[in-house]
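Chain by chain, the residues:
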Amino acid sequence: MGVQLTVRPGRGCTVLEVRGELDMATSPQLREGLRRLVDGGDRQVVVDLAEVGFMDSSALGALVVNFKALREVGGRLCLAAVQPAVRSVLTVTSVDRAIQVYDTVQAAEADVPPTDDTAAR
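These numbers were taken from a predicted model, which means no experiment stands behind them. (Residues numbered from 1 in each chain as written. Predicted model: local features only at pLDDT ≥ 70, side-chain atom pairs only at ≥ 80, totals over all residues. Heavy atoms only, no water.)

Peer 1: I tried to follow the sheet that holds strand S1 (residues 3–9) on my own but got confused; where do I start?
Peer 2: Strand pairs in the sheet, formed through backbone hydrogen bonds, run parallel or antiparallel to each other. Spatially, the five strands line up as an open sheet ordered S1-S2-S3-S4-S5, and their pairing is mixed. One side of each edge strand has no neighbouring strand; the edge strands of this open sheet are S1 and strand S5 (101–102). Across five bridges, strand S3 (residues 44–51) lies against strand S4 (residues 76–80) in parallel orientation. Bridge pairing in S4 places Asp48 opposite Ala80. On the sheet, helix H2 (residues 57–72) packs against S3 and S4 and is oriented at approximately 140° with respect to S4. (Pairing = 2+ DSSP bridges. Helix = DSSP H or I, 4+ residues; strand = E, 2+ residues; numbered from the N terminus. Contact = heavy atoms within 4.5 Å. Axes fitted to C-alpha atoms, helices over the stretch in contact; angles between N-to-C directions.)

As structure tokens, then:
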């Protein structure tokens, strides 16, 4: 099974919706999709994992690499709507201690820090 990535604007962020299994075969797509967002200037990225039932270490690596890339440019990557099996992987590997995990995309959007533009209003 492949993976499908959909990018949409969120409230103060960009939401990357992921559907399918994240494994050695599909994690390069995730890594590249996130890299394109970072390179394109997105600084607040929410990864919606509601439709992901499986994630292996290669996908964790893709998330961590892009988490660090965003942090280096003053941005933030967080995860939302994580299914129990994926949450277990995040917990066992302690990735959930570095990358914030939210129950819903809406909760992640509500926690996006204001930008200079919105703070000035």
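So, next bit.
Peer 1: Would you explain helix H1 (residues 27–39) in this entry?
Peer 2: Along an α-helix, residues three or four positions apart point the same way, because every turn accommodates 3.6 residues. In this model H1 runs 18 Å from its N-terminal to its C-terminal C-alpha over 13 residues, within 8% of the 18 Å that 1.5 Å per residue would give. When we look at burial in H1, the residues that qualify are Ser27, Leu30, Gly33, Leu34, Leu37 and Val38. Each buried residue of H1 sits inside an arc of 140° when the element is viewed along its axis, so together they form one side. Buried residues along H1 sit against S1, strand S2 (14–20), S3, H2 and S4. Looking one or two residues beyond H1, the residue adopting positive phi is Gly41, at roughly 105°. (Expected span 1.5 Å × (residues − 1). Buried < 20%, exposed > 50% of the residue type's maximum accessible area, 1.4 Å probe, protein only. Arc of directions from axis to C-beta.)

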